[in-house]
Amino acid sequence: MTIFASGTTHAPNPMKIIHTSDWHLGQIFNEYDRVPEHMAFFRELRAAVEREKPDALLVCGDVYHTSTPSSAIQRLYTDTILQMKKACPGMTVVVTAGNHDSPSRLEIDRNLWDCLNVKVIGSVCKHDGVPDIDRHIIRIPSDDGPAAGYVVALPHIYRQNYPTGVPEDKRAADAAGNDVQDNEYSRQKAFYKSLLDRILQLNTNRLPVVVTAHLAVTGCDISGHEEPIGGMEYTSLDTFPEGYDYLALGHIHHPQTLRRSGARSANPEEEEVYVSPVARYSGSPIPVNFDENYRHSISVVEIVGPEGNSGRKTVKIRQVEIPQTIPVVTIPDRPVPFAEALEELENFPDDREAYIRLNVLIKDYLPQNATAQAIYASESKACRYCSMKVTKAFDSCKDSDQPLTIEEIRTGNPVDIACLYYRRKFGTGIDRELKSMLEEVVREETGKKE
């Protein structure tokens, strides 16, 4: 038995959640519609909800692939949430916006969803310039007690958009340990601290606390992830203060656990058991590009405790693999000349569904009709040819493959240099229309100087 701060005595019940993120509904993958794959995933998710009967289902951002999803895709999302609620009526659903989502579009039916105990958080709401802290704190009810725990629901927030006006000391330490004044980092840290300070006031029974966030954590495995232009913006786990048990993360598609301390045991094939606090990416349920060729899953998480006077809780994590109805396949495993790659495609099983990318090695450039040949080779098969991964084989004996000197760049024709760069980069000649546009730009600029 555990004696809580309120003076009451009872055995704490575990809080169970299903953690998922990065659905990317509405993605068109190399011109192919992925609705059938998402429908298959939703069947798996509903089965898990029905089987596990969680206290909460967390969808941690990037519900949609674009900020302007079609009406059909929005109906798919709505129908899916309703199906999850039918599978477990007492479950709380928490949906937060990711960087691909439109916060206002996601929240447009927020008040209606609230009637079904579906909590939608698209952005940080402010009153008189001060963030509404309580709007992000969701009490998760329990069938056999006053509450199962709390969820602090945070959507994706660009660092420069973290609110000011948070009641927090204006000084903070940056990643290097230097004292800094009110900047982006200190605002971010102060905002998190204000939320967890509020939880401390509310959570007198020391119930489990889950925080959701859609961001990249420093040191995470971004295998297969397409980095945005300008690189990824990272947040240190130390930015989140003490006070949570499980950090449910979205944004990175590779499932992984990032624990801060106190590992008891870890068997990723069956169950991971840690002492809180624990941070985890559930990952995307289906791959969004060819480099995400790892297993995709959702996470079932149980939080038990606290144990003794430490306040630490036991966090148990199980991965539920999502079978891929149409896997992404790159053939062969290593780059080979186009003719060999084409032969691999011709020998690919006729009845096997897959998205296919050819792994091609070239010395000069691809055959002019390479794409047409690949499409023809897969025409009568169940697989879907999508693209080629082209690797350029450099011949050090050729002068043309040597790096350009500064003098050559200074004296060379700009269009010729651009064409040479394009060929070396992509292994094929530059598009005629693009070359004409470059020539027109050069003529305009030359005319201005004259």
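Coordinates for the structure precede this section.
Residues numbered from 1 in each chain as written. Predicted model: local features only at pLDDT ≥ 70, side-chain atom pairs only at ≥ 80, totals over all residues. Heavy atoms only, no water.

Concerning the packing of aromatic side chains
Thinking step 1. For the coordinates displayed, the defined rule picks out 12 aromatic pairs.
Thinking step 2. When the centroid spacing of 5.9 Å and the interplanar angle of 70° are considered together, the rings of W23 and F41 count as edge-to-face. In this pair, W23 is assigned in the loop between β3 (15–20) and β4 (28–29) and F41 in helix α1 (residues 35–52), connecting sequence segments 18 residues apart.
Thinking step 3. Judged by relative accessible area, W23 falls into the buried class, the value being 1%.
Thinking step 4. Between Y77 and W113, the ring centres sit 6.3 Å apart and the planes meet at 65°, which makes this aromatic pair edge-to-face. Linking Y77 in helix α2 (residues 71–87) with W113 in helix α4 (residues 110–114), this pair joins segments that are 36 residues apart in sequence.
Thinking step 5. Judged by relative accessible area, which is 4%, Y77 ranks as buried.
Thinking step 6. Owing to a relative accessible area of 6%, W113 belongs among the buried residues under this scheme.
Thinking step 7. Counting every residue linked through ring pairs, the aromatic cluster contains Y162, F191, Y192, F240 and Y244. (Phe/Tyr/Trp six-rings, centres within 6.5 Å; stacked < 30°, edge-to-face > 60°. Helix = DSSP H or I, 4+ residues; strand = E, 2+ residues; numbered from the N terminus. Buried < 20%, exposed > 50% of the residue type's maximum accessible area, 1.4 Å probe, protein only.)

Points about a negative patch on the surface
Thinking step 1. A cluster of acidic residues, D333, E340, E343, E344 and E346, forms a negative patch at the surface.
Thinking step 2. By residue number, the principal contributor to the negative patch is helix α6 (residues 338–346), which donates four residues.
Thinking step 3. Given a relative accessible area of 41%, E340 falls into the partly exposed group. (Patch = residues over 30% accessible without salt bridge, like charges linked within 9 Å, V, L, I, M, F, W, Y side chains within 5 Å. Areas by Shrake-Rupley, 256 points an atom, 1.4 Å probe, with all protein chains shown as cover. Salt bridge = Lys/Arg side-chain N within 4 Å of Asp/Glu carboxyl O. Lys, Arg positive; Asp, Glu negative; His and termini not counted. Charge placed at Lys NZ, Arg CZ, Asp CG, Glu CD.)

As for the layout of surface pockets
Thinking step 1. A volume near 490 Å³ is recorded for the largest pocket.
Thinking step 2. As for the largest pocket, its lining consists of 28 residues, of which N99, H225, P228, M232 and H251 are closest to the centre.
Thinking step 3. Considering only residue class, the lining of the largest pocket consists of eight nonpolar, 14 polar and six charged.
Thinking step 4. Space inside the second largest pocket adds up to approximately 320 Å³. (1 Å grid on protein atoms, 1.4 Å probe; cavity = no way out; pocket = protein on both sides within 12 Å on 5 of 7 lines; lining within 4 Å. Points joined across faces, edges and corners; volume = space filled by probe spheres on them. Nonpolar A, V, L, I, M, F, W, Y, C, P; charged D, E, K, R; others polar.)

Topic: the pairing of strand β27 (residues 384–392)
Thinking step 1. Pairing geometry for strand β26 (residues 355–362) and β27, over eight bridges, is parallel. Within β27, the position partnered with L361 by the bridge is T391.
Thinking step 2. Crossover handedness for the path β26 to helix α7 (residues 370–378) to β27: right-handed. (Pairing = 2+ DSSP bridges. Right-handed = clockwise from strand over helix to strand, strands pointing away.)

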